[in-house]
Amino acid sequence: MTKEFDIITIGECLIEFSTNQKLEFAECLHKYYGGDSLVVAIAAKRLGSNVGFVTCLGNDAFKDYMLTSWDNEGLDTRHVKIVEEKNGIYMVSRPSLEEKEFIYYRNKIAPAKLSINDIDEDYIKSTKIIYASGITQSLSMGSREAVKRVFEIAKENGVITAYDPNYSSLISTNDEAKEFFDEIIPLTDILFMSSKYDTKSIFEIESLENIMKVISDIGVQTIVIKSSNDKGYHISNHRTTTFVPFYTDTVIDTTSSGDAFNGAFLHAIANSYTPTEAAKIASIDAGIQAQGIGAVKSTPYGHEVYEIYNSGAF
């Protein structure tokens with residue numbers, strides 16, 4: 001059956017205020033938007049995928065700005081539900097490579113209203129890949145139930161499921177992250193993890209090789225572990241492992257560069273690239289994104305990424 005979408009992501013949307021000055025001294029912050037699942041969606045869309053986004057959007061002063069922006073990006077927003085809650089906000093400051101400030105305002109926000117009632121089974125069936133994260137699960141019990149139901153529908157209908165724990169101590173505890181992971185991993189086909197945050201919070205295993213074996217034994221087909229120590233990505237596909245280095249060492253702001261990687265990787269998988277090829281495309285995408293400030297506004301477009309990939313220079 002022909003699929004209408006390459007990827008559908010489910011998660012939160014947030015207003016972003018960013019600056020390259022310390023928040024204490026900044027007189028002007030640049031307004032944009034972000035949220036991990038939203039960055040995944042836009043990264044894939046900017047590379048040429050057909051992408052849908054499922055969320056609850058607050059009926060406040062930022063609603064029309066975000067809807068118009070997403071429509072301009074070409075995201076399918078038919079399953080964005082408007083609710084009478086405020087939209088969340090985060091502020092990011094990157095005055096230097098050594099300094100970074102990050103502040104969340106995300107209690108009782110609109111995306112937390114997401115529930116199993118907002119899930120359209122036919123919509124999930126219409127995509128090649130579905131994506132969600134631990135952050136989506138952390139929003140509320142309703143959103144956690146929605147993520148599990150989405151993955152169940154996907155598995156029942158041959159849709160590839162992709163998941164990133166995306167652990168942050170600002171958002172959840174280690175125990176919560178483990179609960180989220182244990183609940184969704186039996187339903188997961190593609191898993192993204194950070195060796196700096198996710199593997200340490202979820203596993204009590206140091207060896208990446210052993211972690212990959214444990215995850216493969218559960219039944220996950222493709223595993224990508226992002227390692228800052230090794231400066232690259234460890235990929236395991238049906239227990240065959242490869243390594244792809246970071247595209248660049250020139251980094252200004254890593255905010256959401258991992259999400260840009262995920263979106264680019266899934267875009268490539270949806271377009272029949274191998275996991276190793278997908279990781280190379282995604283590494284370029286994330287590397288370009290990390291050379292700007294903020295989540296979405298520095299995410300590159302297809303011609304930027306494929307010019308480098310097709311040149312064979314990386």
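See above for the structure.
Residues numbered from 1 in each chain as written. Predicted model: local features only at pLDDT ≥ 70, side-chain atom pairs only at ≥ 80, totals over all residues. Heavy atoms only, no water.

**Q** Could you give me a rundown of the environment of Val150, with the residues and numbers involved?
**A** Tracing the chain through its elements places Val150 in helix H5 (residues 141-156). Residue classification places Val150 among the buried positions, given a relative accessible area of 1%. Distance in space between the C-alpha atoms of Val150 and Ile10 is 8.9 Å, their sequence separation being 140 residues. Not counting the four nearest positions on each side in its chain, Val150 is found in contact with Ile10, Ile119, Ile124 and Ile130. (Helix = DSSP H or I, 4+ residues; strand = E, 2+ residues; numbered from the N terminus. Buried < 20%, exposed > 50% of the residue type's maximum accessible area, 1.4 Å probe, protein only. Contact = heavy atoms within 4.5 Å.)

**Q** Tell me what's going on with the pattern of salt bridges, and back it up with residues and numbers.
**A** Counted according to the given criterion, the structure contains 17 salt bridges. A single network of salt bridges, built from pairs that share partners, joins Glu4, Asp76 and Arg78. (Salt bridge = Lys/Arg side-chain N within 4 Å of Asp/Glu carboxyl O.)

**Q** Describe the nonpolar core, naming the residues involved and giving the relevant values.
**A** In terms of nonpolar packing, the biggest core is built from 54 residues, with Leu38, Trp70, Leu75, Phe192, Phe261, Phe265 and Leu266 touching the most fellow members. Setting aside anything within four residues of it in sequence, one finds Phe265 in contact with Ile190, Phe192, Thr222, Val224, Pro275, Ala278, Ala279 and Ala282. Core analysis: the second largest hydrophobic core is formed by 39 residues, Ile124, Ala146, Tyr167 and Ala177 among them. (Core = buried A, V, L, I, M, F, W, Y, C linked by side-chain atoms within 4.5 Å.)

**Q** For the layout of surface pockets, give the residues involved together with the corresponding values.
**A** As a volume, the largest pocket reaches approximately 1,300 Å³. Lining the largest pocket are 42 residues, and of these Tyr197, Thr254, Thr255, Ser257 and Gly258 sit closest to its centre. Among the elements of the structure, strand S6 (88-96), strand S7 (99-105), strand S10 (190-194), strand S11 (222-227), helix H9 (257-270) and helix H10 (275-289) are those that each provide at least two residues to the lining of the largest pocket. Tallied by class, the residues present in the lining of the largest pocket amount to 16 nonpolar, 15 polar and 11 charged. Here the second largest pocket defines a volume of roughly 220 Å³. What lines the second largest pocket is a set of 14 residues, among which Ser195, Thr199, Lys200, Glu206 and Asn229 lie closest to the centre. The set of elements that each furnish at least two residues to the lining of the second largest pocket consists of helix H7 (198-202) and helix H8 (208-218). Its residues placed into classes, the lining of the second largest pocket shows 4 nonpolar, 5 polar and 5 charged. (1 Å grid on protein atoms, 1.4 Å probe; cavity = no way out; pocket = protein on both sides within 12 Å on 5 of 7 lines; lining within 4 Å. Points joined across faces, edges and corners; volume = space filled by probe spheres on them. Nonpolar A, V, L, I, M, F, W, Y, C, P; charged D, E, K, R; others polar.)

**Q** Which residues make up the packing of aromatic side chains, and what values go with them?
**A** Evaluated as defined, the whole model comprises 20 aromatic pairs. Centre to centre, the rings of Tyr131 and Phe192 are 6.5 Å apart; their planes meet at 55°, and the pair counts as tilted. Residue Tyr131 is located in strand S8 (residues 127-133), and its partner Phe192 is located in strand S10; the two are separated by 61 residues in the primary sequence. Among the residues examined, Tyr131 registers a relative accessible area of 0% and is labelled buried. The exposure class of Phe192 is buried, given its relative accessible area of 0%. Plain terms: the ring middles of Phe261 and Phe265 are 6.0 Å apart, the flat faces sit at 20° to each other, and that makes the pair stacked. Placement of the pair is Phe261 and Phe265 together in helix H9, with a separation of 4 residues, close to one helical turn. The same class applies to Phe261 and to Phe265, which are both buried. Taken together, Tyr131, Phe192, Tyr233, Phe246, Phe261 and Phe265 form an aromatic cluster joined through their ring pairs. In this arrangement the basic side chain of Lys31 is found over the ring face of Tyr65, its NZ or CZ atom lying 4.1 Å from the centre. Arg106 extends its terminal NZ or CZ atom over the ring of Tyr104, reaching a point 5.7 Å from the ring centre. (Phe/Tyr/Trp six-rings, centres within 6.5 Å; stacked < 30°, edge-to-face > 60°. Lys NZ or Arg CZ within 6 Å of the ring centre and 35° of its normal.)

By themselves, these observations are geometric and do not establish any function.
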